[in-house]
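Listed here are the chains, written in short residue letters.
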Amino acid sequence: MFNTNFQTLKVAMDVAMLRQSVHAQNIANAETPSYRRKYVVFEELLKEASKVRLVTTHEGHIPSSQSLPRARIEVDKQAFYRNDQNGVDIDYEVTQMVANGLRYEVLARLMSKNIEYYNTVLRGV
């Protein structure tokens with residue numbers, strides 16, 4: 001019944017929520033010695049997954065239902081901003097958190113618009 005926009009937007013919103021959590025965790029550990037900054041990998045995985053497309057050559061073939069990849073949390077092992085081996089730059093984390101919040105807001109509005117379109121069709125207005 002629904003197009004793939006709903007699933008794509010849901011996954012994107014879930015990734016944005018995960019990112020907020022990871023940024024908050026990084027900010028909370030900004031003063032912890034030897035803490036390594038964490039980050040979420042998703043766009044790269046999505047780009048790789050979208051490269052592989054199966055083509056059907058006959059109408060009897062089953063179409064490929066490619067699922068979206070799952071986001072992954074990774075640890076930044078290279079960056080150290082202080083002598084105590086802490087890898088968190090608080091200014092960067094706050095900036096990324098604000099940008100991610102704005103991204104989530106846009107995704108929420110897109111989801112709302114998609115639902116509104118279906119409501120319009122169902123009501124016949």
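Coordinates for the structure precede this section.
Each chain carries its own residue numbering, running from 1 in the written order of its sequence. Totals for whole chains, interfaces and linings use all residues, but because this is a predicted model, local features are given only for residues with pLDDT of at least 70 and pairs of side-chain atoms are given and counted only at 80 or more. Computation of side-chain values: all heavy atoms of the structure, hydrogens and water removed.

Caption draft 1: The arrangement of the overall build of the chain in detail. Looking only at helices and strands, one finds three helices and two strands in the chain. Numbering of helices and strands runs from the N terminus, with a helix taken as a DSSP run of H or I at least four residues long and a strand as a DSSP run of E at least two residues long. For the chain, the sequential pattern of α-helices and β-strands runs α-β-α-β-α. Relative accessibility decides the category of a residue: with a 1.4 Å probe and only protein chains considered, values under 20% of the type maximum give buried, values over 50% give exposed, and everything between is partly exposed. The burial tally for the chain puts 22% of its 125 residues in the buried class. Only heavy atoms matter for contacts: two residues are in contact if any of them lie within 4.5 Å across the pair. In the chain, the share of contacts with a sequence separation of at least 24, taken over all contacts with a separation of at least 6, comes to 78%. For the chain, the exposed area adds up to about 9200 Å²; of that, 57% sits on carbon and sulfur atoms. Only the protein chains shown count as cover for residues, and all accessible areas are computed by the Shrake-Rupley method using a 1.4 Å probe.

Caption draft 2: Just the pattern of salt bridges, in detail. Here a salt bridge means any side-chain nitrogen of Lys or Arg lying within 4 Å of a carboxyl oxygen belonging to Asp or Glu. A complete count under the given rule lists six salt bridges for this structure. With a closest N to O distance of 2.8 Å, Glu74 and Arg72 form a salt bridge. Take Glu74: its relative accessible area is 25%, and that puts it in the partly exposed class.

Keep in mind these numbers describe shape, not what the thing actually does.
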